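Residue-level listing of the chains:
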Amino acid sequence: MRKKLTIVTLSLLLLTAAAAAWVVLDPPVAHRAKRPGETCSATTDTGRAAACCAPAPTAAPTKILTNPDADKQAAREAAEQREQGSQPGKAESGSPQTGGAGNGGANNSGGNTPTPPPAKRNPTPSEREEAARQAGGRAAYRSRLEASAPDNGKADAALKKSSKQEEWIKQWKDEGIEPPEMVPTQVTGKVMSQQAREGIAGAVVALLTFFPVNGQPGGQIWPVLTELIADAQGNFAGEVPASPKPPFYYTSAAITVRAESYRVIAGMPLSTFNVGQLNSLGIFWAPENPFSVECDGTQFSGSLEVVCTGQLDPQRWYGPKRGPVLSYFPHFAMSAATEKNPTRSVKVLGNWDDKVPPFMTLTSSGGPLQTKRCVRAKVQSQKSGGEQVNTAEPFDKIVFESSGFAEISGQVVDSQGAGVPNATVIAAGDTENPTELTDSLGFFRFEKPPKKTTLLAAAHDDFITVIQKDVTPGMSSVRIVFKDRKPVLTFHLRDQLTQMDITSVNIKLFQPGKSKTPAPIVKELTSQNGAFYVKSDTLLASITLEKVGYFPLTVLDPVKVQSQQTGEWNIYMNPGRKLEVRPRDHTACQDAARYYSDTQNTQDPGIWTYWSNLWIEYTIDFGAAPEAGVEGGFFDVVLGCRNEGIVDNNYQFQVKVYVDDVEKGTLNVLANTLTEQFGRMSLGQLSGIHRVRLVWLNDSWIPDQLDANIRYQSLKFLEQPGP
């Protein structure tokens, strides 16, 4: 019995060892993917063969689409392609199948040939749409603008000058140039986005101020650059050097703005810029309307670029400095000509305000070659990008021409036939107007005038501008005659009653008119001792002197009147009644809780409100009517305003004026945060006590960005001699 148990035990141990050996020597087949070049051998164990040849599951590739429906669309299109490509008896590539289930798909070479790569398929419509989206739209548009920024937007150091007198002089002398006269001028302003309706944080605001070369206002000019950085709300402030004698027929200052490494304002002239004063420039709306224009330079050779200077014409910039200044603006490289494509062109991109067409300059390694201004196209096109951003093509194609030029030459003389040096001669073409300065004998020459030149204009500081018509390329010995010198008036202005000097006055200059009298030129004059000097750019038919508190005085043919004076020309103004009231001392208002005045400083005459369409009223005693034969009895209202906040630099307050509930008209007063601005209108003949009501009409407000709040600072009623 013990022997049988021993035999049974040994048998069980042998069976257990055999099973363990089988597990170790022949483990279960793992489901793994077939390596390249590996095949499954024919075997009767179909389970093991299937396990060997089964492909391993692979992770789906990551696909990033900006279109939220692109994933579903791509899945549907991929399924359709699989159904079309998986026909019975065909492989994915479309070739007949040679293997079957019995041999695992092996071919006749014994399984040593690698599996061929899958055939390249055409992209689906959604994939093509995504590719176009990546190559177009605002993101791609912005990247092209950033690429066009020269030197990553850094200005040439030679353009930057200090507004400190000692540094200013040294910087110019280091360049071998006699320093021009300069006045430090403070500027403040704000840059806002049209789309976001908020300030552009960190914007680089570049202010260009222009100085006449060698003090000749009609000749070439030096651009000087000052860069300021806007704060988190888009506000900027600083000091710039400015010329006390700005150039003729050119802006005194201009602004450019760079944000996020590309230009949002290429070049915009400043409409108002007062040298030596604090200039509150207001809000500049950065135009964000993309445009493109095709520029053709096929007629030129070498390395070419096109530079966009916005609304600034670079043709009068001083020659040696023109290249460095142009390098500060966005530039676009022009493609090289090839045998297959001999045309040389480039698409210039930019932003603009839909108002003033920009200037384009073709440049080479040797400097600027030609400047043209864009011309509005009769039919404008829109090209849609991938993000539904339309890039307008509002301008005709610009073709820079290197042939077909014929020079124009001649001389500028005065009425006696003597040559006039340092006169500016302008050649007027269709879109470009180059200038030349006459030499010491008055001669000038245009080597490459505009192809469509039709006339020349000559300007000088001492002569009235002359236009010479019917001038075309190829004409020589053109003679331009200055017929008249600019009228110069010198007079002493005094009060008729007190004989005291009048130290400030507004003068209106009226030029002769045949059928329709031109609008007068208005100048504001100041003098410490009442002696005034006036030079007019046109002939004078009459002048009118105006000053608050005095009757206006008109002088007919002032040049002749002055010539008849034996000594100093004295002009006397008669004072009229001047009724003045402090705006805070109002009689009544629509809502007292919405009008504010300075409670700490009761001497401040102002009162302000944040709400429009609220009336404020004053009771005025205009006195007795004048006796028969005595001038007077007619009154003008003069309203002085400031803005409590910051507004667009073109914004004007609109204030409606009523007298005894009868509407008299609307005053338009330019809004300024720092300086009081005035509006004036006639109220007609008034006497006795009347109620005068003011209503501000046009509020403007964007939270934390823009706020128009009218501050009535002064209110005067000035007597006039008649209607």
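Residues numbered from 1 in each chain as written. Predicted model: local features only at pLDDT ≥ 70, side-chain atom pairs only at ≥ 80, totals over all residues. Heavy atoms only, no water.

Draft legend 1. Summary view of the pairing of strand β35 (residues 634–643). With nine of its ten residues buried, β35 lies for the most part within the structure. Here β35 pairs with strand β38 (residues 677–685) via eight bridges, running antiparallel. In the strand pairing of β38, Leu-639 is matched with Gly-679. Of the strand pairs in this sheet, β35 and strand β42 (residues 710–720) are connected by ten bridges, and their pairing is antiparallel. In the strand pairing of β42, Gly-640 is matched with Ser-714. (Buried < 20%, exposed > 50% of the residue type's maximum accessible area, 1.4 Å probe, protein only. Helix = DSSP H or I, 4+ residues; strand = E, 2+ residues; numbered from the N terminus. Pairing = 2+ DSSP bridges.)

Draft legend 2. Structural view of the environment of Asp-660. The residue Asp-660 is located in the loop between β36 (652–659) and β37 (662–670) in this model. As for Asp-660 and Thr-619, which are separated by 41 residues in sequence, their C-alpha atoms are 9.6 Å apart. Setting aside its immediate chain neighbours within four residues, Asp-660 contacts His-690 and Arg-691. Among the polar contacts made by the side chain of Asp-660, one reaches the side chain of His-690 at a distance of 2.7 Å. (Contact = heavy atoms within 4.5 Å. Polar contact = N/O pair within 3.5 Å; in protein donor to acceptor, adjacent residues only side chain to side chain.)

Draft legend 3. Just the sheet that holds strand β28 (residues 542–546), in detail. As summarised here, the arrangement of the four strands in space is β26-β25-β28-β29, forming an open sheet in which the pairing is antiparallel. The open sheet has two edge strands, β26 (521–526) and β29 (553–556), and neither has a second partner. Going across the sheet, the axis of each strand differs from the next one's by a mean of 20 degrees, ignoring polarity. As paired elements, β28 and β29 share four bridges and run antiparallel to each other. Paired with Ile-543 across the bridge in β29 is Val-555. (Axes fitted to C-alpha atoms, helices over the stretch in contact; angles between N-to-C directions.)

Draft legend 4. Seen up close, the pattern of salt bridges. Enumeration according to the criterion identifies 27 salt bridges in this entry. In this structure, Lys-397 engages Asp-296 in a salt bridge whose closest nitrogen and oxygen atoms are separated by 3.4 Å. Within this pair, whereas Lys-397 is found in the loop between β15 (390–395) and β16 (398–399), its partner Asp-296 is found in strand β8 (residues 289–296), the two being separated by 101 residues in sequence. Owing to a relative accessible area of 43%, Lys-397 belongs among the partly exposed residues under this scheme. For Lys-486, the salt bridge identified is with Asp-537, shortest N-O distance 3.1 Å. Linking Lys-486 in the loop between β23 (478–482) and β24 (488–495) with Asp-537 in the loop between β27 (531–535) and β28, this pair joins segments that are 51 residues apart in sequence. One salt-bridge network, held together by shared partners, links Glu-617, Asp-661, Arg-691 and Arg-693. (Salt bridge = Lys/Arg side-chain N within 4 Å of Asp/Glu carboxyl O.)

Draft legend 5. Focus on the pairing of strand β18 (residues 424–428). Counted residue by residue, β18 has four buried out of five residues, so it is predominantly covered. Judged from the five bridges that link them, β18 and strand β21 (residues 455–459) form a sheet pairing that is antiparallel. Considered in β21, the bridge of Ala-427 is made with Leu-456. Two elements, β18 and strand β19 (residues 435–437), share three bridges in a ladder whose sense is antiparallel. In the strand pairing of β19, Val-425 is matched with Glu-436.

Draft legend 6. Layout of the nonpolar core. Phe-653, Tyr-712 and Phe-717 are the most contacted members of the largest nonpolar core, which totals 33 residues. Taken together, the elements giving at least two residues each to this core come down to β34 (615–621), β35, β36, β37, β38, β39 (689–696) and β42. (Core = buried A, V, L, I, M, F, W, Y, C linked by side-chain atoms within 4.5 Å.)

Draft legend 7. Here's a closer look at the environment of Gly-417. Relative to the elements of secondary structure, Gly-417 occurs in the loop between β17 (408–414) and β18. Judged by relative accessible area, Gly-417 falls into the partly exposed class, the value being 33%. The spacing of Gly-417 and Val-481 is 64 residues in sequence and 7.8 Å in space, taken between C-alpha atoms.

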